[in-house]
Every structure is written in C-alpha cells, then in structure tokens.
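Each chain is listed here by its residues.
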Amino acid sequence: MDYRTRNRAAYNQLVSDGAVFSRVATDEECQRPLAVLDSRGWLPKSVQGKQVLCLAAGGGWQSILYATAGAQVTVVDLSPGMLALDDREARIRNLKLRLIEASMDDLNMLGDEQFDIVHHPVSTCYVPDLAPVFQEVARVLRIDGLYISQHKSPISLQVTRRTERDEYAIGVDYYHSGPLPAVEDKSYREPGAVEFLHRYDQILGGMCAAGLVIEAFAEPKRAHRQATPGDFRHRGNYIAPYLRIKARKLQTTAKNEESSKLWTP
Ligand SMILES: C[S@@+](CC[C@H](N)C(=O)[O-])C[C@H]1O[C@@H](n2cnc3c(N)ncnc32)[C@H](O)[C@@H]1O
C-alpha cells in the first residue's frame, strides 16, 4: 500500500476515534482567532480578504479560525474524514470554505501565485520527499506571500523507546530513508500512519532551494518538569518535538521564471 493510501486510512480512523488532531475550533478560540493561530505574531495584523491555503490542515481548526478572521480559505487534505470536519464546522458557523482532497506533494489543481498565506501544520512526515511539497508551496504563493509551517524534528523521529531508566533511546539512523519502522515509544507517532524522517538540510535547505526565504524559526515547547515518564511532556523535557518556520516568497521562483520566458514576446 502506498504512503497516501495508508495515511488517508490512518487519518480517517483517527477522526472516527476522536483523536487529538481532529479537535475543532471552539467558540472561545473563535473570539480571538489570530491570537490562537499565531502566538508569535508572525501573521499580519489582519487577514481580512486574504487568500489562505490551509495545507494538510483538515480537521476544522485552522480553517475555521482563518475564516472567522475574514480570510478566503482553501483547505487541502488527503483525508475525507478530516475534510468532513471542516465542512461540518463551516456549516455550523455559516462560513465558506473551499475543500480539496489532494496530497501536499501534488497541487496541480491550484493555479500559480494564488495565495497570500500558506499555513501548513505538522504533516511533512507523511511524504517521502519534501522537494515537490516546497516547490508547490512556492508556486502557489504570491510574491511576498507567507509560508508558516511546522514539522516533526528529526531527532523526535529517531527515538524508538524509553529505557528502564526513563532515558529516550535513539534507534533510527539520522540518514534513514524510506518508511520509518514501528516503534515502542509512540508519544509523537500516529497509529497506522507511515512516516518519513526529514533531516534539517532537507527541511530548511529544501525551502531555500525552492526560493523561500526563512525569516523566523521556533521550537514549540512541549515540556513540563513535573511530567511523569510516559507523558509526552516528560519526553519533551529532553527532545523538542517540533520545528516551526516562517518563510516568505520574495520573488518569482526559478521554475516560474523559466516558464514565463516561454511566453514573453
Ligand atoms: C497532524 S494533522 C494536522 C491537522 C490539524 N488540523 C492540526 O490541528 O494540526 C496532519 C494532517 O495531514 C493530513 N495528511 C497526511 N498526509 C497528507 C498528504 N500527503 N497530503 C495532504 N494531507 C496529508 C492528514 O489527513 C491530517 O489531516
């Protein structure tokens, strides 16, 4: 079974199980949508009328918050179950969303330079190759458009188990390629999904190679000193699970320059 089929099925199942990633936006969050989406102040002060692509972001959270803040929202996600949550929540709140079932590494249904913001929550671990993802993001962004993304850190995906001394063991080679093996410590792994490790050079270097300029970088803290072993925040005391990146498209990408040469008189 290929990665798309496996991960579509895994996320449909997570929705049926009511898992954490299918948590929809609450009334309280909708009172202050931009503050909830963006505690670091990376977004513009207003997104009113902006074209926003919520990439691999089904589940009725990001989409509802952006639409509540006045943006024109498109959601691309592989899982019809996750997209159904966006649809249900949009109907409840009388919001309009454009929902597309597709894989983040092939956005051929979207035209060039259509979006002011691409918001991409943790999900690049579900595709084997990041280059097409970043190329597609750079293609669909307008010049000066913002790309906000979050990724599982490479070291987080290298951990395989917690030892009897409550230490976290690295059991996967940093240069591992192909699907990751099943692991004992499942703190940051979704059941049934097939995942891939991407190194820093593939994440940060990959964005730069696609013509995106990195403006800010953060490691969201998921740690608590009093957390007990087995709690994800215990592991978070030792290993930062995520990388959050703010990037921007400052000029037309190399690919677009090449194609524009074809029709320029
Ligand atoms: C961790 S969830 C993120 C969404 C969630 N709304 C959140 O709050 O972060 C990951 C999402 O990626 C989607 N996904 C997995 N593989 C994908 C792919 N190849 N293309 C697009 N979406 C994908 C899943 O269906 C799921 O909705």
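Residues numbered from 1 in each chain as written. Predicted model: local features only at pLDDT ≥ 70, side-chain atom pairs only at ≥ 80, totals over all residues. Heavy atoms only, no water.

S.K.: Just to check I follow, could you spell out unusual backbone geometry for this structure?
M.R.: Leaving glycine out, the prevailing phi sign among residues is negative, and the prevailing peptide bond configuration is trans. We note that Glu 113 has phi near 50°; this positive angle belongs to a residue other than glycine. Checked against the element boundaries, Glu 113 lands in the loop between strand 3 (97–101) and strand 4 (115–120). Its relative accessible area of 29% is what places Glu 113 among the partly exposed residues. Not every positive phi belongs to a glycine, and Asp 166 is a case in point at roughly 60°. Mapped onto the elements, Asp 166 comes out in the loop between strand 6 (159–162) and strand 7 (168–170). Owing to a relative accessible area of 27%, Asp 166 belongs among the partly exposed residues under this scheme. (Helix = DSSP H or I, 4+ residues; strand = E, 2+ residues; numbered from the N terminus. Buried < 20%, exposed > 50% of the residue type's maximum accessible area, 1.4 Å probe, protein only.)

S.K.: Looking at this model, I keep getting lost on the site of the ligand. Mind explaining?
M.R.: Looking at the ligand, there are 18 residues lining it, with Gly 58, Gln 62, Asp 77, Ser 103 and Met 104 nearest. Take Gln 62: an N or O atom from its side chain is 2.9 Å from a nitrogen atom of the ligand. Separating a nitrogen atom of the ligand from a backbone N or O atom of Leu 78 is a distance of 3.3 Å. Coverage of the ligand by the protein amounts to 95% of the 590 Å² it exposes when considered alone. Here the residues of the shell around the ligand are counted per class, giving 12 nonpolar, five polar and one charged. (Near = heavy atom within 4 Å. Polar contact = N/O pair within 3.5 Å; in protein donor to acceptor, adjacent residues only side chain to side chain. Areas by Shrake-Rupley, 256 points an atom, 1.4 Å probe, with all protein chains shown as cover. Nonpolar A, V, L, I, M, F, W, Y, C, P; charged D, E, K, R; others polar.)

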